[in-house]
Amino acid sequence: MESLPGEYWYESAGGSTVCGFYLIGLADQVIEIEFLDFDISCEDGGLLATLDGWETRGQIFPSGTDHPLSMVERYKTYCGKNEPSMTFISSQNVALIQYRIPNKGQGFRIVVRFIEHHQPCNVVSLEARGTYTLKNFGRKQNCSVSFLYPESFSVLALDVGKTGLMSIQNWETGIVAKCAKEGFADYVQFLGGEGLDTSIMYPAIDVCGLDSNPALPPVMIGCKHSVVRMVSSGNFYNSVNFVFQTFADRFQRGAFKHCLLD
Ligand SMILES: *[C@@H]1O[C@H](CO)[C@@H](O)[C@H](O)[C@H]1NC(C)=O
């Protein structure tokens, strides 16, 4: 895993292991990968793949349903004369290069750059504690912040499904729970699971409404992966500001029942 810009190269020592080069930038960055050299023949299963996102154990982030591009556009494979020619730019702050290079001495060379991205949607957070504001910028788009840790979330401010595209005075509704079940098209859900794919994670709670000083108890997700996901219809400017921190005690009050930490 790398979060530093610069030149990287790989030269195979032989063997058919599949390796992954995981790249991650800051929340408001996307990743540019430029191929300088590419020498991977197709024989014996030699291959390099680029993914617009991350994959571990068959699970992908952002999930297929939350990404503007299709899987065919996001996942490309190369070998032999079929070289990655164009510069690759990710849609979010994570990207992955997977490779299997059985021929000793073959390999590739890349330059990695991190580019500012002013309206981030899907994000993987490397930080285990901090604060974040997830926004939809008025768009019809579902956005997730994914944590590779069990996390406790405290909502500091919520404005979801209330502030329309035209400026109309809004009354504070307080935090409304079970918005998805009630049929609201805009809500924020807190998810937990054992992998990266948000579409198969367990929802702990979902909320909507307008509350500038919420008194919601912390949402504790005792899973290997925890996610804050915002579902947006495009009819509202949604935002949720929250504090996140790890917690160690699996028996802590309120810890999420669907996952128990090892
Ligand atoms: C966002 O997610 C909801 C519920 O998971 C889904 O019904 C909707 O189609 C999604 N919207 C977009 C733009 O993908």
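The rules behind the values
Residues numbered from 1 in each chain as written. Predicted model: local features only at pLDDT ≥ 70, side-chain atom pairs only at ≥ 80, totals over all residues. Heavy atoms only, no water. UniProt positions renumbered as here; feature names shortened; annotations may be inferred. Pairing = 2+ DSSP bridges. Helix = DSSP H or I, 4+ residues; strand = E, 2+ residues; numbered from the N terminus. Axes fitted to C-alpha atoms, helices over the stretch in contact; angles between N-to-C directions.

For the chain, the name recorded in an unreviewed UniProt entry is Corticotropin-releasing factor-binding protein, with Paralvinella palmiformis as its organism. Under Sequence similarities (unreviewed entry), UniProt gives the following word-for-word description of the chain: "Belongs to the CRF-binding protein family."

## Section: the sheet that holds strand E7 (residues 75-78)
The strand order across the open sheet formed by four strands is E2-E9-E4-E7, and the pairing between neighbours is antiparallel. One side of each edge strand has no neighbouring strand; the edge strands of this open sheet are strand E2 (19-24) and E7. Sheet twist, expressed as the average angle between the axes of neighbouring strands with direction ignored, equals 15°. Pairing of E2 with strand E9 (residues 94-100), which is carried by six bridges, proceeds in the antiparallel orientation. Bridge assignment links Tyr22 to a residue of E9, and that residue is Leu96.

## Points about the UniProt feature "domain: Corticotropin-releasing factor binding protein N-terminal" (unreviewed entry) in the chain
Mapped onto the present numbering, the UniProt feature "domain: Corticotropin-releasing factor binding protein N-terminal" (unreviewed entry) falls at residues 2-113. In residues 2-113, the share of helix is 4% and the share of strand is 48%. The end C-alpha atoms are 11 Å apart.

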